[in-house]
Structure formats: structure tokens, C-alpha cells
Amino acid sequence: MNRTVSKAKRILGVDIDNVLAESDACLRTMIRQRFQIALDEKDITQYDYGAYGVTEEQLVEVFNLFNTDTCRTLKLIAGAKAALSRLTARYEIALVTSRNPASKESTEYWLKKKSLPYDQLHFNDEKHALGIPYYAFVEDRHEHAHRIASTGATVYLMTRPWNAMPLAHPNVHRVASWKEILRHLL
Ligand SMILES: [Mg+2]
């Protein structure tokens, strides 16, 4: 009788906004159309539109609409789909997003529409504290990257204007693209 040896796959954590989806561009368009506040990507050196003249009330309005509706229309980040399609053979893919859980239905709709493979989906801002033993993680937020790196995971930080500050943990590595991430993970 053959003995089947099953080897558990290592877990790759992957953020959604600005890692799989072009969320910042969409949010800036919403802010410009609704409130006539024009923001360029290069100027977003903090990932907080409140720092650029958008009021708390306006932010609530934009994110309510984004979470329940607009996020269904997001464009994919270049190379994201091809990369996940290859990585899923080798890793258990855990999508971990800070999005409000109210976006669950729309987020699942978008993931299905874009045919993105994944094994787990979590809505939680405390990505590092979920007890998930990440082998590696792909992220765009500087603070998340560093907290996750402290758990022992290798973190690939996709360079964007809002994470340009110096890196402060040896497990955090800057990358420019999914192509570069594949070179590390395959
Ligand atoms: Mg993100």
C-alpha cells in the first residue's frame, strides 16, 4: 500500500489594497470627483487622505461607498494575477486586509471576478496578531510591514510614496514589482 506523505504548504500573507488592487488611484478619483480635492500619487507620503485636506466626514463617506460598492470595480496591480497564479501552487495564500468587514461581500465579488486564487481571507487591521504563521508577506504599508516582520516573517514591501521612510527591520525588503517578488519566492 502506498503511503501518502502530505507536506503542508508554507503560508504567504498578501495584502489587497495597493498590492493586488489599484486602490489609491480609485480613492483619489473618488475624492476629486466628490469634493474637488485633487491629489497626486507622489504627494501621498502618508497613507491618510485626512492629512491632505479631506475631512473626517468626507473620509467616512468615501470609504463607505468604496467598501460596499466601488471596490468591485478596482483595477489589478500589474503582474499581481500572474504572480498569485504561480505562487498558489507552492504556498497557502492568506489574503489579509485592513478593509472594514462590511466590504466582505464586495471584496469576495472582486476576487472572484478577477479570478484571483486564495485559501484564506481575513479582514483585520492587526495583521501581525492573528496567530497566522506567515512564511512571507507582501504589503505596502510601512507600519504593517514592520509589525509583521517582528513575527519572524520575511516581508516584501512594495515601494510606494507612502512607505518611502527608511526600513527599520532586517526582515523587511523593498521590492518594485510582483516580478521581483517572484524571483524571491519561486
Ligand atoms: Mg495595502
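The rules behind these values
Residues numbered from 1 in each chain as written. Predicted model: local features only at pLDDT ≥ 70, side-chain atom pairs only at ≥ 80, totals over all residues. Heavy atoms only, no water. Helix = DSSP H or I, 4+ residues; strand = E, 2+ residues; numbered from the N terminus. Rg over C-alpha atoms; globule rule 2.2 N^0.38 Å. Salt bridge = Lys/Arg side-chain N within 4 Å of Asp/Glu carboxyl O. Contact = heavy atoms within 4.5 Å. Phe/Tyr/Trp six-rings, centres within 6.5 Å; stacked < 30°, edge-to-face > 60°. Buried < 20%, exposed > 50% of the residue type's maximum accessible area, 1.4 Å probe, protein only. Domains from an automatic or database assignment. Buried area = accessible area lost by both parts, 1.4 Å probe. Nonpolar A, V, L, I, M, F, W, Y, C, P; charged D, E, K, R; others polar. Donors = N, O, S within 2.8 Å, 3.2 Å for Na, K, Ca; no water. Axes fitted to C-alpha atoms, helices over the stretch in contact; angles between N-to-C directions. Parallel < 35°, antiparallel > 145°, perpendicular 65-115°, else oblique. Left-handed = near helix turned anticlockwise from the far one by under 90°.

**Examining the overall build of the protein chain**
Right, on to step 1. From N to C terminus, the protein chain includes 6 helices and 6 strands.
Right, on to step 2. Reading the secondary structure of the protein chain in the N-to-C direction produces β-α-α-α-β-α-β-β-α-β-β-α.
Right, on to step 3. At 17 Å, the protein chain has a C-alpha radius of gyration in line with the 16 Å of a compact globule built from 186 residues.
Right, on to step 4. The principal-axis extents of the C-alpha atoms in the protein chain amount to approximately 70 × 35 × 30 Å.

**Points about the pattern of salt bridges**
Right, on to step 1. Summed over the entire model, instances satisfying the criterion amount to 11 salt bridges.
Right, on to step 2. Of the charged contacts, one joins Asp-43 and Lys-42 as a salt bridge, the two residues approaching to 3.6 Å between their closest N and O atoms.

**Let's talk about the side chain of Thr-107**
Right, on to step 1. Mapped onto the fold, Thr-107 is located in helix H4 (residues 104–113).
Right, on to step 2. When near neighbours in sequence (up to four residues on either side) are disregarded, Thr-107 contacts Ile-16, Cys-71, Arg-99 and Phe-123.

**Side note on the packing of aromatic side chains**
Right, on to step 1. Counted by the stated rule, this structure contains 5 aromatic pairs.
Right, on to step 2. When the centroid spacing of 5.0 Å and the interplanar angle of 45 degrees are considered together, the rings of Tyr-47 and Trp-162 count as tilted. Here Tyr-47 is found in the loop between helix H1 (23–35) and helix H2 (56–68), whereas its partner Trp-162 is found in the loop between strand E5 (154–158) and strand E6 (172–175), with 115 residues between them in sequence.
Right, on to step 3. With a relative accessible area of 3%, Trp-162 lands in the buried category.
Right, on to step 4. Aromatic pair Tyr-91 and Tyr-135: ring centres 6.0 Å apart, planes at 25 degrees, arrangement stacked. Of the two residues, Tyr-91 sits in strand E2 (residues 91–97) while Tyr-135 sits in strand E4 (residues 134–139), which places them 44 residues apart along the sequence.
Right, on to step 5. We classify Tyr-135 as partly exposed; its relative accessible area is 36%.

**Points about the domain arrangement of the protein chain**
Frequently, the measure chosen for interface size is the accessible area removed from exposure when the parts meet.
Right, on to step 1. Partitioning the protein chain into structural domains gives domain 1 (10–21 + 76–185) and domain 2 (23–73).
Right, on to step 2. Measuring from the centre of the C-alpha atoms in domain 1 to the corresponding centre in domain 2 gives 21 Å.
Right, on to step 3. At the interface, 18 residues of domain 1 touch 15 residues of domain 2.
Right, on to step 4. Buried surface at the junction of domain 1 and domain 2, summed over both partners, amounts to about 1400 Å²; 50% is from carbon and sulfur atoms.
Right, on to step 5. Between domain 1 and domain 2 we count 2 salt bridges in total.
Right, on to step 6. The salt bridge involving Arg-72 is made with Glu-105; its shortest N-O contact spans 3.9 Å.
Right, on to step 7. The class makeup of the residues in the side of domain 1 that touches domain 2 is 7 nonpolar, 5 polar and 6 charged.

**A short note on the coordination of the magnesium ion**
Right, on to step 1. Protein-derived coordination of the magnesium ion comes from Asp-15 (OD), Asp-17 (O) and Asp-140 (OD), at a distance range of 1.9 to 2.1 Å.
Right, on to step 2. Every donor residue of the magnesium ion comes from the same chain, spaced as D-x1-D-x122-D. Of this pair, Asp-17 sits in the loop between strand E1 (10–14) and H1 while Asp-140 sits in the loop between E4 and helix H5 (142–149), and the two are 123 residues apart along the sequence.
Right, on to step 3. The class for Asp-17 is buried, based on a relative accessible area of 14%.
Right, on to step 4. Assessed through its relative accessible area of 2%, Asp-140 is described here as buried.

**Brief notes about the packing of helix H3 (residues 80–87) against helix H6 (residues 178–185)**
Right, on to step 1. Their axes nearest at 9 Å, the elements H3 and H6 cross at an angle of 15 degrees. The angle between the axes of H3 and H6 places the two elements in the roughly parallel class. The chirality of how H3 crosses H6 is left-handed. Of the residues in H6, those in contact with Ala-80, Ala-83, Leu-84, Arg-86 and Leu-87 of H3 are Trp-178, Leu-182 and Leu-185.
Right, on to step 2. Considered class by class, the residues forming the contact of H3 with H6 number 7 nonpolar, no polar and 1 charged.

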